[in-house]
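Reading the structure
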Amino acid sequence: MGDPDDGDLDAFLVSRRAALCRTAFLLCGNHDDAEDLVQSTLVKVILGWRRLHRLDNPDAYARQTMVKLYIASRRRRWHGEVAHEELPERPGSDHDLDLSIAVRGVLASLPAKQRAVLVLRIWEDLSVEATATALGMREGTVRSHTSRAVAALRGALPHGLEELTERGRA
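Reading the values: the criteria
- Residues numbered from 1 in each chain as written.
- Predicted model: local features only at pLDDT ≥ 70, side-chain atom pairs only at ≥ 80, totals over all residues.
- Heavy atoms only, no water.
- UniProt positions renumbered as here; feature names shortened; annotations may be inferred.
- Axes fitted to C-alpha atoms, helices over the stretch in contact; angles between N-to-C directions.
- Helix = DSSP H or I, 4+ residues; strand = E, 2+ residues; numbered from the N terminus.
- Parallel < 35°, antiparallel > 145°, perpendicular 65-115°, else oblique.
- Contact = heavy atoms within 4.5 Å.
- Nonpolar A, V, L, I, M, F, W, Y, C, P; charged D, E, K, R; others polar.
- 1 Å grid on protein atoms, 1.4 Å probe; cavity = no way out; pocket = protein on both sides within 12 Å on 5 of 7 lines; lining within 4 Å.
- Points joined across faces, edges and corners; volume = space filled by probe spheres on them.

The name given to the protein chain in an unreviewed UniProt entry is SigE family RNA polymerase sigma factor, with the source organism recorded as Streptacidiphilus monticola. Turning to the protein chain, the UniProt record has this under Sequence similarities (unreviewed entry): "Belongs to the sigma-70 factor family. ECF subfamily."

And the structure:
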């Protein structure tokens, strides 16, 4: 019979996989790399779970592991963005689609750490302190990366992003 902690691990994996996939997609910019990143992250979570018997905060551990794996992968080799002929279908207006494409383009152009900070601060809605912990950097560094990344968003994206960029300032 399995360890009782295995049930907790299974529940965590089932409940958090979709959220990890969304975060990975925002970090990587494409589904294939995002899936690879999620798989690598989950392997580390599973190994950590068993080694530590039970993680105190598996969400934070998974998020931190994912971001570290993403940043490390960008240091090792060049990753060019690949244009796709067809975009995935999404409900919403053409303006929403145009904005989504523009945001992805700007995210792709940011350095890995700035991109990671934006994803954690704006998409994951983490505090400066939680983002600093996840990335292993000082809070001031998180604030400066956020400021630079938001400035890049403002400079490159059409008007109407006040809500998105204002969240990065808080």
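Anyway, onward from the coordinates.
The N-to-C vectors of helix 6 (residues 128-135) and helix 7 (residues 139-156) enclose an angle of 100°; their axes lie 8 Å apart at closest approach. Between helix 6 and helix 7, the angle is such that the two are roughly perpendicular. Along the contact surface, helix 6 presents V128, E129, T131 and A132, while helix 7 presents E139, V142 and R143. A per-class count over the contact of helix 6 with helix 7 returns 3 nonpolar, 1 polar and 3 charged.

Moving on to the packing of helix 5 (residues 112-123) against helix 7. Between helix 5 and helix 7, whose axes approach to 9 Å, the crossing angle comes to 90°. Put simply, helix 5 runs roughly perpendicular to helix 7. Facing K113, Q114, V117, L118 and R121 of helix 5, the residues of helix 7 in contact are V142, H145, T146, R148, A149, V150 and L153. In the contact of helix 5 with helix 7, the residues fall into 6 nonpolar, 3 polar and 3 charged.

What follows is about empty space enclosed by the protein. One pass over the full model with this rule turns up 1 cavity of 30 Å³ or more. Size it by volume and the largest cavity reaches roughly 40 Å³. At the level of secondary structure, the elements contributing two or more residues to the lining of the largest cavity comprise helix 1 (4-28) and helix 3 (58-76). Element by element, the count of residues in the lining of the largest cavity is highest for helix 1, at 3 residues. Looking at the lining of the largest cavity, its residues break down into 1 nonpolar, 1 polar and 4 charged.

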